Amino acid sequence: MSDSLAQAVQADFQQRYGYAPLLVRAPGRVNLIGEHTDYNAGFVLPAAVDKQMVFAVGLNGGEQIRLFAHDLNESLELPNSADISPTETHWANYLLGVAAQFQLRGVAVPGFDCVLAGTVPMGAGMSSSAAVECGLAYALNELLKTGFEKMDLARMAQLAEHTYAGVQCGLMDQFASVFGRAGQVVRLDCRSLDYQYFPFDTQACRIVLVNSGVKHSLASSEYNTRRQECERGVAVLQQHYPKIMALRDATMAQLEAHHSELGGTVFRRCSYVVQENARVEAACRHLEAGDLAAFGREMNASHAGLRDDYEVSCVELDVLAEAALAAPGIFGSRMMGGGFGGCTINLVAPDKVEAFIESVSAVYEQRFGRRPETYQTTIVDGVGKI
């Protein structure tokens, strides 16, 4: 995290509001494998990374909520009330949704001020929204001394996104921002919320993100559609297997036995989720064995499933993933995030990173007329004070 960014946010806060704030950082995340499994009660394997949001937050002693987005140079002031409602200011709703979650838990939220800025690329599938939510949730928990546990904060941030941003996201993004640990990836069981850390050696392999630079407008509506398709699949399977409560519980044999009843589209969606859960568990075994090549093969298979069965990729992501497999030093590559744009995540041998970036960028530029942005990320701790 850039000290200069934290200093700029702190100075901005003090100039605007005239008192010293609490400073907080909340990381974005990468997800090595396990995409669209979280809302199906499955497994994910994220890590918090050094693209982060920085917050200066303080209680102002008044009746106003005053928000300022440093990067956008946009502000919002509204009266603090017992019923904080969404506004037309899109970025502010992530913050207001968090404040509303405190209210729903019986906390009287007083007037507060917040300045935020960050280095999480917007629309890159690195969960800038979760970082925004988790950072304010952490700050309010500290300032109001409400004593909520870390998992409470992650869930409150998730519900803020459901209710104020209209995206029915799973828990992974918020969980990763809160529970991240430097040098570790964390496997989350999205049903039990049990989690286990696995060491990730960035000396043996680097995480390189390549940003397609596109974010198709399909993303949010198609995300919610995929949830509905999975739910339809579960409803069909439950008629035959009453113990199936989520796709986490289903097997490929069960899906294939009821292929015609499910229909082609729902069958493909469900097949992807069942197979992706198996890939996450296999990937963790490969990490424990130090077998990065095998881990990479799971990532490649994940991308193929997201492209062909779940149908949430796009031509730009497919070009990047295909170019990666032909580039120097690659272990594995796949699209990351909800889909229809954003980044690919690539595991690359440390001594081949520059050659990898050049190779993939050249292919992308030849196809689309522009070079993609790339980011080398470090795995860091979750949300906390600066």
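What you see as residue numbers is a count from 1 along each chain, following the sequence as written. Since the coordinates come from a predicted model, pLDDT governs what is reported: local features require at least 70, and pairs of side-chain atoms require 80 or more to be given and counted, while whole-chain, interface and lining totals use all residues. Excluding hydrogens and water, the side-chain figures rest on all heavy atoms present in the structure.

For the protein, an unreviewed UniProt entry supplies the name Galactokinase and the organism Hymenobacter glaciei. UniProt positions are given in the numbering used here, feature names are shortened, and annotations may be inferred rather than shown by experiment. UniProt, in its Sequence similarities (unreviewed entry) section for the protein, records the words "Belongs to the GHMP kinase family. GalK subfamily."

Further remarks concern the overall build of the protein. Helix and strand definitions here come from DSSP, where helices need a minimum of 4 consecutive H or I residues and strands a minimum of 2 consecutive E residues; each element is numbered from the N-terminal end. Counting its secondary structure elements, the protein contains 12 helices and 13 strands. For the radius of gyration, the atom set is restricted to C-alpha positions; the globular benchmark scales as 2.2 Å times the number of residues to the power 0.38. The C-alpha atoms of the protein give 21 Å as radius of gyration, which agrees with the globular expectation for 386 residues (21 Å, within 12%). C-alpha atoms of the protein, sized along the principal axes, occupy 60 × 55 × 40 Å. Each residue's exposure class comes from its accessible area (1.4 Å probe, protein chains only) as a fraction of the maximum for that residue type: buried when under 20%, exposed when over 50%, partly exposed otherwise. Across the 386 residues that make up the protein, the buried fraction comes to 59%. Note on contacts: a residue pair qualifies if any of its non-hydrogen atoms lie within 4.5 Å across the two residues. Summarising the internal contacts of the protein: among those between residues at least 6 apart in sequence, 71% fall at separations of at least 24. Roughly 15,100 Å² of accessible area belongs to the protein as shown, and the carbon and sulfur atoms make up 48% of that amount. Both charge centroids of the protein, one from 31 positive and one from 44 negative side chains, sit 3 Å from each other. For every accessible area listed, the method is Shrake-Rupley and the probe measures 1.4 Å; residues are considered covered only by the protein chains on display. A positive count includes Lys and Arg, and a negative count includes Asp and Glu. His and the chain ends are not counted in either. Every charge is mapped onto a representative atom, which is NZ of Lys, CZ of Arg, CG of Asp or CD of Glu.

Moving on: the side chain of Thr344. In this fold, Thr344 is placed in strand β11 (residues 341-348). Taking relative accessible area as the criterion, Thr344 reaches 0% and is therefore assigned buried. Two N or O atoms form a polar contact when they lie within 3.5 Å of each other; inside protein one atom must be a possible hydrogen donor and the other a possible acceptor, and for residues adjacent in sequence the pair counts only when both atoms belong to side chains. Of the polar contacts made by the side chain of Thr344, one reaches the side chain of Asn346; its length is 3.2 Å.

In this numbering, the UniProt entry assigns the feature "domain: Galactokinase N-terminal" (unreviewed entry) to residues 12-58. Its end C-alpha atoms 13 Å apart, residues 12-58 is made of 13% helix and 53% strand.

Okay, the nonpolar core next. For soluble globular proteins, the rule of thumb is that nonpolar side chains tend to be buried together. Of all hydrophobic cores here, the largest spans 84 residues; its most connected members are Leu45, Leu67, Phe102 and Phe112. For this core, the leading source of residues is helix α2 (residues 90-104), giving nine residues. Beyond its immediate stretch of four places on either side in the chain, Leu67 contacts Tyr17, Glu74, Ser75, Leu76, Trp91, Ala92, Leu95, Leu96, Phe112 and Cys114. Nonpolar cores were defined as sets of buried Ala, Val, Leu, Ile, Met, Phe, Trp, Tyr and Cys residues, with membership established by side-chain atoms within 4.5 Å.

Another aspect to go through is the UniProt feature "site: Transition state stabilizer" (unreviewed entry) in the protein. Using the residue numbers shown here, the UniProt feature "site: Transition state stabilizer" (unreviewed entry) corresponds to Arg29. Mapped onto the fold, Arg29 is located in strand β1 (residues 22-31). For Arg29, a relative accessible area of 3% gives the class buried. If near-sequence neighbours (up to four positions away) are discounted, Arg29 is found in contact with Pro46, Ala47, Ala48, Val49, Gly125, Met126, Ser127, Met172, Asp173, Ala176, Met336 and Gly337. At a separation of 2.7 Å, a polar atom in the side chain of Arg29 contacts the side chain of Asp173.

Let us look at the pairing of strand β8 (residues 195-199). Only strands joined by at least two bridges in the DSSP assignment are considered to pair. As judged from the five bridges shared by strand β7 (residues 184-189) and β8, these two strands associate in the antiparallel manner. Residue pairing in the sheet places Leu188 in a bridge with Tyr195 of β8. Hairpin connection, β7 to β8: the antiparallel pair is bridged by five residues, and Leu193 has positive phi, about 65 degrees.

Any carboxyl oxygen of Asp or Glu within 4 Å of a side-chain nitrogen of Lys or Arg constitutes a salt bridge here. Under the definition given, this model contains 17 salt bridges. Note that Arg269 is salt-bridged to Glu229, the shortest N-O span being 2.8 Å. Linking Arg269 in helix α9 (residues 264-289) with Glu229 in helix α6 (residues 218-240), this pair joins segments that are 40 residues apart in sequence. Glu229 matches Arg269 in its accessibility class, with the two residues each being buried. Arg371 serves as the salt-bridge partner of Glu358, at 2.9 Å between the closest nitrogen and oxygen. Residue Glu358 is located in helix α12 (residues 353-368), and its partner Arg371 is located in the loop between α12 and β12 (373-377); the two are separated by 13 residues in the primary sequence. Here Glu358 falls in the partly exposed class, since its relative accessible area comes to 43%. Assessed through its relative accessible area of 39%, Arg371 is described here as partly exposed.

The backbone of His36 sits at a positive phi, close to 65 degrees, despite the residue not being glycine. Among the secondary structure elements, His36 is positioned in the loop between β1 and β2 (43-44). On the accessibility criterion, His36 (4% relative accessible area) is buried. You will see that Glu311, though not glycine, has its phi angle at about 55 degrees, which is positive. With respect to the helices and strands, the residue Glu311 is situated in the loop between α10 (292-308) and α11 (315-325).

What we call a disulfide is simply a covalent bond connecting the sulfur atoms of a pair of cysteines. Our working definition of a disulfide is a cysteine sulfur pair at a distance within 2.5 Å. This model, assessed by the stated rule, comprises zero disulfides. Left without a disulfide partner, Cys230 is nearest to the cysteine sulfur of Cys270, which lies 5.5 Å away. Classification of Cys230 as buried rests on a relative accessible area of 1%.

We now examine the packing of α11 against α12. Here an angle of 0 to 180 degrees is reported between the N-to-C directions of two axes, which are lines fitted to C-alpha atoms, with helices fitted over the stretch in contact. Closest axis-to-axis distance for the α11/α12 pair is 9 Å, and the angle between their directions is 140 degrees. Between α11 and α12, the interaxial angle falls into the category oblique. Note on packing geometry: the crossing formed by α11 with α12 is right-handed. Between α11, through Val315, Glu316, Val319, Leu320, Ala323 and Ala324, and α12, the contact on the second element is made entirely by Phe356, Val360, Val363, Tyr364, Arg367 and Phe368. Polar here means any residue outside two lists: the nonpolar Ala, Val, Leu, Ile, Met, Phe, Trp, Tyr, Cys and Pro, and the charged Asp, Glu, Lys and Arg; Gly therefore counts as polar. For the contact of α11 with α12, a count of residues per class yields 10 nonpolar, no polar and two charged. Note on terminology: angles under 35 degrees are roughly parallel, angles over 145 are roughly antiparallel, angles of 65 to 115 are roughly perpendicular, and the others are oblique. When the near helix sits turned anticlockwise from the far one by under a right angle, the crossing is termed left-handed; a clockwise turn instead gives a right-handed crossing.

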